[in-house]
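# Topology and contacts: notes
As a plain string of letters, each chain reads:
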Amino acid sequence: MEEKRIKVLIAKPGLDGHDRGAKVIALALKEAGMEVVYSGLHKTIDQIVNMAIQEDVDVIGLSIMSGAHIPLTRKLMEKLKEKGIQDKKVFVGGVIPSKDIKLLKEMGVEGVFPGGTPIDDVIEAIKASVKK
Amino acid sequence: MDPKAQELAERIISGDETVAARVISMIEDGEEEGFLVLSTLYPRTGGAFKIGITGSPGAGKSSIIDRLAYLYGKSGKKIGIIAIDPTSVKSKGAFFGDRLRFKSAEKVEGVFIRSMAHRGFSGGISKAAFGAECVLDALGKDIIIVESVGVGQTELSIYLISDIVVTVFTPDFGDEIQLMKAGLLEIGDVVVMNKMDMPNAEEKAKDLIAYIGDLKKDAPPFIKCSAKKGEGIELLLEVLEEKRREKLGMRREKVKALLLTFIKEELSRGIEKMVEEDPKFNEILHSVQSGKIDPYSASVHFVSELLKDGKMEDYKWRRKG
Ligand code: B12
Ligand SMILES: Nc1nc2c(ncn2[C@@H]2O[C@H](COP(=O)(O)OP(=O)(O)O)[C@@H](O)[C@H]2O)c(=O)[nH]1
Ligand SMILES: [Mg+2]
């Protein structure tokens, strides 16, 4: 009964109201045995970081369909550093043009999953990132 | 005294949320370090007022907590919220959907919200919930609100870890028989009828008051509210505060029951594997499987043999089975 479980925060930053992808991912991760907190819509980066701290998640997954993935992710990475919790793994999914993936990874994002990614790939990537 | 545990405890007492959250996870995962920190913190706890909220899924527990936390927070109190959701039996995963209801609470200074999966523990809470309460208490929270899983009758453990329990009903509770079956009427120091904004709510509230009156000599306070509109929550807060002193007097009894629950759980977990490996178990199992003896008698016989042999002493204490 008492054993380490992977805990994930699926967060929707900014004004973007598309929540289907976030919910699909959240449920898939639950089915894969993870404990998943869903932030709800329209969260600020500060709120998301606060949630990640209080919930003590291993992974923060941003779901972004608005096109604002670069500035939002940059702000998140800065905040994590400021709070001293850079050990949390960050993943980004949603509408992400492939040309932006490199930049996101340079910011320290573990994995980027645009629309159409097989869910099993997401699960594998999260499990692998938490192990290391 | 373990120096690392000591340091973590001190950081929690000085208000470090990151460490508090980490230590709650350690307790959830059964890590030794977590329990060391807890034992350092424990003598410093007891100051917080612990409110449990139970009721069927969708009754509005989270919405009520949101309003209540906001009100308490406005009056300068520091709030901790622990929201417990079920662990999937199949995948062992969990989905936490309470947090997104705490929209107004989130805006109040000093609110700490933690979601926890019950991880198979009985009684509508997780085993680590009591430990989480202690950590939040040591972190300086004045009010700790725990939302139980919400499955009715079996939610007894919420009693043991709360000073006072609020049971939430809605106007669509069905009929009296349904209530009796769910066992929801047997619990609750305070009864709330939420969603009073729904049509025919007044009528249903009258019905519920009558059922409770029939069942209980001294019926608990009954409060009508609408978390949606924010009505009736002030009254709920008043009633909780009114009953606070009387309820705190029950802590000694509750902690006794909690200790017994934990002991039973530790014992069974430590011993189960040992029993399975015992040749006598296999003997008696065979007799049960071949229909020679029924499982009731077999279990009584097995345990009395175990105690007679003094064999219990051979059974080593194990934390992780
Ligand atoms: C359905 C939809 C809507 C629905 C949303 C319903 C809902 N509740 O979600 C409605 C009709 C409401 C809507 C509205 C709008 N939409 Co729209 N919408 C879509 C559409 C067609 C599909 C999105 C979807 O649900 N896909 C299904 C899910 C399961 O897939 P997904 O979201 O991509 O998620 C997958 C992956 O991305 C990944 N993933 C997602 N999140 C995460 C997170 C993590 C951590 C990980 C690891 C993976 C991951 O895993 C998922 C499963 O594989 C897309 C087009 C598209 N092809 O994406 C446009 C699209 C997203 N919408 C768009 C726009 C512009 C709008 C509107 C502004 C339109 C308008 N002018 O009014 C509004 C804005 C709404 C708002 N408030 O934000 C644009 C965005 C453009 C951009 N980014 O530059 C798109 C791309 C369409 C387009 N090509 O122009 N929309
Ligand atoms: N009409 C009405 N709906 C409410 C009220 N309180 C909560 N709800 C709704 O009931 C649903 C479940 O609420 P929630 O607080 O999540 O219930 P929980 O499962 O008991 O925690 C949500 O859709 C709420 O918006 C209320 O007072 N009136
Ligand atoms: Mg709830």
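Anything mentioned here points back to the structure above.
All residue numbers here refer to positions counted from 1 along the written sequence of the relevant chain. Working convention: letters from A go to chains and numbers from 1 go to ligands, in the order in which they are written. With pLDDT at 70 or above as the cut-off, local features in this predicted model cover only qualifying residues; side-chain atom pairs require 80 or more to be listed or tallied, and sums for whole chains, interfaces and linings still use all residues. Note: side-chain values were computed over all heavy atoms of the structure, leaving out hydrogens and water.

Turning next to the sheet that holds strand β3 (residues 59-64) of chain A. Strand pairing is assigned whenever DSSP identifies at least 2 bridges connecting the two strands. Comment: elements are numbered from the N terminus, with helices defined as DSSP H or I runs of at least four residues and strands as E runs of at least two. Strand order in this open sheet of six strands is β5(A)-β4(A)-β3(A)-β1(A)-β2(A)-β3(B), and the pairing throughout is parallel. Both edges of this open sheet fall to β5 (111-114) of chain A together with β3 (94-96) of chain B, since each of them pairs with a single strand only. Ignoring strand direction, the axes of neighbouring strands in this sheet form an average angle of 20°. When checking whether two residues touch, look at their non-hydrogen atoms; a contact exists if any pair is within 4.5 Å. The angle between two axes is taken between their N-to-C directions and runs from 0 to 180 degrees, where each axis is a line fitted to C-alpha atoms and a helix contributes only its stretch in contact. The sheet strands contacting helix α2 (residues 45-55) of chain A are β1 (7-11), β2 (35-38) and β3 of chain A, and the helix crosses β1 of chain A at an angle near 165°.

Next up on the list: the packing of helix α1 (residues 20-31) of chain A against helix α5 (residues 119-131) of chain A. Residue and element names in this part refer to chain A. In the contact formed by α1 and α5, the axes pass within 10 Å of each other and the chain directions differ by 60°. When the axes of α1 and α5 are compared, the pair comes out oblique. Relative to α5, α1 is oriented so that their crossing is right-handed. Residues Val24, Ile25, Ala28 and Leu29 of α1 form the contact with α5, whose own contacting residues are Ile119, Val122, Ile123 and Ile126. Three classes are used: nonpolar for Ala, Val, Leu, Ile, Met, Phe, Trp, Tyr, Cys and Pro, charged for Asp, Glu, Lys and Arg, and polar for all others, with Gly counted as polar. Residue classes in the contact of α1 with α5 are distributed as eight nonpolar, no polar and no charged. Oblique is the label for any angle not under 35 degrees, not over 145, and not in the 65 to 115 range, which are roughly parallel, roughly antiparallel and roughly perpendicular in turn. Helix crossings fall into two classes, left-handed where the near helix is turned counterclockwise from the far one by less than a right angle and right-handed where it is turned clockwise.

All names here are of chain B. Lining the immediate surroundings of ligand 2 are 16 residues, of which Gly58, Lys61, Ser63, Arg101 and Asp197 lie closest. In protein, a polar contact means a hydrogen-donor-capable atom and an acceptor-capable atom, both N or O and within 3.5 Å, with residues adjacent in sequence counting only if both atoms are side-chain atoms; elsewhere, any N or O pair within 3.5 Å suffices. Backbone polar atom of Gly58 to an oxygen atom of ligand 2: 2.8 Å apart, as the coordinates give it. Residue Glu147 places a side-chain N or O atom 3.0 Å away from an oxygen atom belonging to ligand 2. Areas reported as accessible are Shrake-Rupley estimates using a 1.4 Å probe. Residue values count occlusion only from the protein chains shown. Burial of ligand 2 by the surrounding chains reaches 76%, relative to a free accessible area of 580 Å². Among the elements that line the shell around ligand 2, the one with the most residues is helix α4 (residues 61-74), at three residues. Within the shell around ligand 2, the residues separate by chemical class into three nonpolar, seven polar and six charged. If a single non-hydrogen atom of a residue is within 4 Å of a molecule or strand, that residue counts as near it.

Looking now at the coordination of the magnesium ion (ligand 3). For a metal with four donors in a tetrahedral arrangement, the ideal angle between donors is 109.5 degrees, while six donors in an octahedron ideally sit at 90 or 180 degrees. Residues and elements named next belong to chain B. Protein coordination of the magnesium ion (ligand 3) is provided by Ser62 (OG), Asp98 (OD) and Glu147 (OE), with donor distances spanning 2.1 Å. Coordination shells were defined by N, O and S atoms within 2.8 Å of each metal, extended to 3.2 Å for Na, K and Ca; water is absent from the atom set, which can make sites look incomplete. In terms of primary sequence, the donors binding the magnesium ion (ligand 3) are separated according to S-x35-D-x48-E. Taken as a pair, Ser62 in helix α4 and Glu147 in strand β5 (residues 143-147) lie far apart in primary sequence, 85 residues in all. When sorted by exposure, Ser62 lands in the same class as Glu147, which is buried. Throughout this description, buried means an accessible area under 20% of the type-specific maximum (1.4 Å probe, protein chains only), exposed means over 50%, and partly exposed covers the range between.

Here we come to the pattern of salt bridges. Any carboxyl oxygen of Asp or Glu that lies within 4 Å of a side-chain nitrogen of Lys or Arg is treated as forming a salt bridge with it. Tallied over the entire structure, the rule returns 25 salt bridges over all chains. Of the charged contacts, one joins Asp16 of chain A and Lys12 of chain A as a salt bridge, the two residues approaching to 2.8 Å between their closest N and O atoms. With relative accessibility at 5%, the residue Asp16 of chain A sits in the buried group. The partner of Lys23 of chain A in a salt bridge is Asp19 of chain A, and the shortest N-O contact between them spans 3.0 Å. Here the salt bridges do not stand alone but share partners, grouping Arg5 and Glu35 of chain A together with Asp29 and Arg119 of chain B into one network.

These figures come from the coordinates and say nothing about function on their own.
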